[in-house]
Amino acid sequence: MLQGIAFYLLATVAVVSGLLVVTARNPVHSVLFLILTFFSSAGLFVLLGAEFLAMLLVVVYVGAVAVLFLFVVMMLDVDFVGLREGFAKYLPIAIIIAGILLFEMIVISAAVISGGAAADATTPLAATPEASNIETIGRVLYTDYIYFFQAAGIVLLIAMIGAIVLTLRHKPGVRRQKIHDQVTRNAKTAIEIKGAKTGAGVTSEDLI
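Since we're looking at a predicted model, the values are computed, not measured. (Residues numbered from 1 in each chain as written. Predicted model: local features only at pLDDT ≥ 70, side-chain atom pairs only at ≥ 80, totals over all residues. Heavy atoms only, no water.)

*Asks:* Explain the overall build of the protein chain to me, and be specific about the residues and the numbers.
*Replies:* The secondary structure content of the protein chain amounts to 11 helices and 0 strands. In the protein chain, the succession of α and β elements from N to C terminus is α-α-α-α-α-α-α-α-α-α-α. Burial analysis of the protein chain (208 residues in total) assigns 13% to the buried set. Restricting the contact set of the protein chain to residue pairs at least 6 apart, pairs at least 24 apart contribute 49%. (Helix = DSSP H or I, 4+ residues; strand = E, 2+ residues; numbered from the N terminus. Buried < 20%, exposed > 50% of the residue type's maximum accessible area, 1.4 Å probe, protein only. Contact = heavy atoms within 4.5 Å.)

*Asks:* Describe the packing of aromatic side chains, and please don't skip the residues or the numbers.
*Replies:* Enumeration over the complete set of coordinates arrives at 1 aromatic pair. Ring geometry for Phe7 and Tyr8: centres 5.5 Å apart, planes at 75°, overall edge-to-face. (Phe/Tyr/Trp six-rings, centres within 6.5 Å; stacked < 30°, edge-to-face > 60°.)

*Asks:* Hey, could you go over the packing of helix α1 (residues 2–23) against helix α2 (residues 27–47) for me, with residue numbers and the actual values?
*Replies:* Contact geometry of α1 with α2 gives a least axis separation of 8 Å together with a crossing angle of 155°. Looking at the two axes, α1 sits roughly antiparallel to α2. For the element pair α1 and α2, the recorded crossing hand is left-handed. Judged by residue contacts, Gln3, Ala6, Phe7, Leu10, Ala11, Val13, Ala14, Ser17, Gly18, Leu20 and Val21 of α1 engage Ser30, Phe33, Leu34, Leu36, Thr37, Ser40, Gly43, Leu44 and Leu47 from α2. Of the residues in the contact of α1 with α2, the class split is 13 nonpolar, 7 polar and no charged. (Axes fitted to C-alpha atoms, helices over the stretch in contact; angles between N-to-C directions. Parallel < 35°, antiparallel > 145°, perpendicular 65-115°, else oblique. Left-handed = near helix turned anticlockwise from the far one by under 90°. Nonpolar A, V, L, I, M, F, W, Y, C, P; charged D, E, K, R; others polar.)

*Asks:* I'd like a rundown of the nonpolar core, residues and numbers included.
*Replies:* Membership of the largest hydrophobic core is limited to 7 residues, which are Ile35, Phe38, Ala42, Ala54, Leu57, Val62 and Ala66. The set of elements that each furnish at least two residues to this core consists of α2 and α3 (51–75). Beyond its immediate stretch of four places on either side in the chain, Val62 contacts Ile35, Phe38, Phe39, Leu57 and Val67. (Core = buried A, V, L, I, M, F, W, Y, C linked by side-chain atoms within 4.5 Å.)

*Asks:* I'd like a rundown of the environment of Phe33, residues and numbers included.
*Replies:* By the secondary structure assignment, Phe33 is in helix α2. Exposure remark for Phe33: the relative accessible area of 26% places this residue in the partly exposed category. Here the alpha-carbon distance between Phe33 and Ala14, two residues 19 residues apart in the chain, equals 9.1 Å.

*Asks:* Residues and numbers for a nonpolar patch on the surface, please.
*Replies:* A cluster of nonpolar side chains, contributed by Met55, Val59, Val60, Tyr61 and Leu156, occupies part of the molecular surface with about 420 Å² of accessible area. The biggest single contributor to the nonpolar patch is α3, with 4 residues. By the element assignment, Met55 lies in helix α3. Note on Met55: relative accessible area 44%, which makes it partly exposed. (Patch = residues over 30% accessible without salt bridge, like charges linked within 9 Å, V, L, I, M, F, W, Y side chains within 5 Å. Areas by Shrake-Rupley, 256 points an atom, 1.4 Å probe, with all protein chains shown as cover. Salt bridge = Lys/Arg side-chain N within 4 Å of Asp/Glu carboxyl O.)

*Asks:* Which residues make up the environment of Val22, and what values do they have?
*Replies:* Residue position: Val22 is located in helix α1. Since its relative accessible area comes to 67%, Val22 is described here as exposed.

*Asks:* Can you explain α2? Please cite residues and give values.
*Replies:* Its 21 residues place the ends of α2 31 Å apart at the C-alpha level, agreeing with the 30 Å of an ideal helix rising 1.5 Å per residue. Among the residues making up α2, those that are buried are Pro27, Ser30, Val31, Ile35, Thr37, Phe38, Ser40, Ala42, Gly43 and Leu44. Directly beyond the C-terminal end of α2, a positive phi value near 85° is found at Gly49. (Expected span 1.5 Å × (residues − 1).)

*Asks:* Outline the side chain of Ser40, supporting the account with residue identities and numerical values.
*Replies:* Looking at where Ser40 falls in the secondary structure, it is placed in helix α2. Exposure remark for Ser40: the relative accessible area of 3% places this residue in the buried category. Apart from residues lying up to four places away in sequence, Ser40 is in contact with Leu10, Val13 and Ala14.

*Asks:* How would you explain the confidence of the model for the protein chain if you had to name every residue and give the values?
*Replies:* Summary statistics for the protein chain give a mean pLDDT of 76 and a share of 76% for residues scoring 70 or more. For the protein chain, the element scoring lowest by mean pLDDT is helix α6 (residues 117–121), at 48; α1 scores highest, at 87. (pLDDT = per-residue confidence, 0-100.)

*Asks:* Explain the side chain of Ser30 residue by residue, including any values.
*Replies:* You can see Ser30 is positioned in helix α2. With relative accessibility at 12%, the residue Ser30 sits in the buried group. Contacts of Ser30, omitting those with residues within four sequence positions, involve Leu20, Val21 and Ala24.

Here is the structure:
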């Protein structure tokens, strides 16, 4: 009984927050609703007994991807009013893409319900006497599908570099450290020896 209530509560929160992601006027609010959607989905995974997937959803998506989106949205000086003005122009192609995605979801759902190949693919891997549950998950994640995880890591790295490049602002009149000039300098360009006469002291011309 309690599990059913928790399921419908988390499912409702996930659906409503997912709709608010695309309908909120403030992009920062959209990212916050996205984080709420991830947390609700993680709760659903816990109810289904997939604690590892729930942990991945919270750590990877909430702790890395959503926070990265939040910082990018807050740091970039984007004219969102100008972006909304061209919303109607891209509405037809958006409807076409949404229709394609809806058709794919219907086909996949029908295949799962009819017990086709998709249903066999969703059958969980059970632990065997030779390998524990953790070892089975590790073999699937880091042996069978390791290239997908490496590709995801490269995408996150590119996203992080892009966020840094987009938010970097060079202000005129500000002196910055030039690492290349410091590393490539030699003894002739780094130090200039000034000759001083004994007992004459140092004048301002010697310091220039």
